[in-house]
Amino acid sequence: MSLTMQMIGKQLSRSSPIMTRIKIQIPKRCMKEPVISRLTSEHGLTVNITGAMLGAHSYEEGWFDLELHGLPQQIQDALAYLQDLNVKIWGKPNPDGDSW
């Protein structure tokens, strides 16, 4: 388990809804997949896109700053889903801290 996942895991020990911030890089091979949409539809999260950087062409890698709102287990399952896709994930262990 990566250091980022361990830091986020510490937040997941609570049973009430939480919010965590992550930054993800979606690889080219996943650009036709509704990766962010599935965080909502399949994992029951509320997702707020707080920033994005996309290439001039829609088939380039994309970077997204996301706020994930949901129950700890939902967030944990969503992070596992992203890991299974080999999406690069950077977490922010203190969601009450400063902005990106």
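Residues numbered from 1 in each chain as written. Predicted model: local features only at pLDDT ≥ 70, side-chain atom pairs only at ≥ 80, totals over all residues. Heavy atoms only, no water.

1. Things to note about the overall build of the protein
(1) Moving on: The helix and strand tally for the protein stands at three helices and four strands.
(2) Moving on: Of the regular secondary structure in the protein, the N- to C-terminal order runs α-β-α-β-β-α-β.
(3) Moving on: Expressed as a percentage of its 100 residues, the buried residues of the protein come to 38%.
(4) Moving on: Accessible area of the protein: about 6000 Å², with a carbon and sulfur share of 51%. (Helix = DSSP H or I, 4+ residues; strand = E, 2+ residues; numbered from the N terminus. Buried < 20%, exposed > 50% of the residue type's maximum accessible area, 1.4 Å probe, protein only. Areas by Shrake-Rupley, 256 points an atom, 1.4 Å probe, with all protein chains shown as cover.)

2. Structural notes on the nonpolar core
(1) Moving on: In this structure, I22, I24, L39, L66, L68 and L82 are the most contacted members of the largest nonpolar core, which totals 19 residues.
(2) Moving on: Considering each element in turn, this core owes the most residues, five residues, to helix α3 (residues 72–84). (Core = buried A, V, L, I, M, F, W, Y, C linked by side-chain atoms within 4.5 Å.)

3. Observations regarding the pairing of strand β1 (residues 18–26)
A regular strand places its side chains on the two faces of the sheet in alternate fashion.
(1) Moving on: The buried count for β1 comes to eight of nine residues, which makes it a mostly enclosed element.
(2) Moving on: Bridging between β1 and strand β3 (residues 62–70) involves nine bridges; their strand directions are antiparallel. Bridged to I18 within β3 is G70. (Pairing = 2+ DSSP bridges.)

4. Focus on α3
In an α-helix, one turn spans 3.6 residues, which is why side chains three or four residues apart end up on the same side.
(1) Moving on: Its 13 residues give α3 an end-to-end C-alpha distance of 18 Å, which sits within 8% of 18 Å, the value for a rise of 1.5 Å per residue.
(2) Moving on: Along α3, the positions that sit buried rather than exposed are P72, I75, A78, L79, Y81 and L82. (Expected span 1.5 Å × (residues − 1).)

Geometric descriptors of this kind do not, in isolation, establish any biological role.
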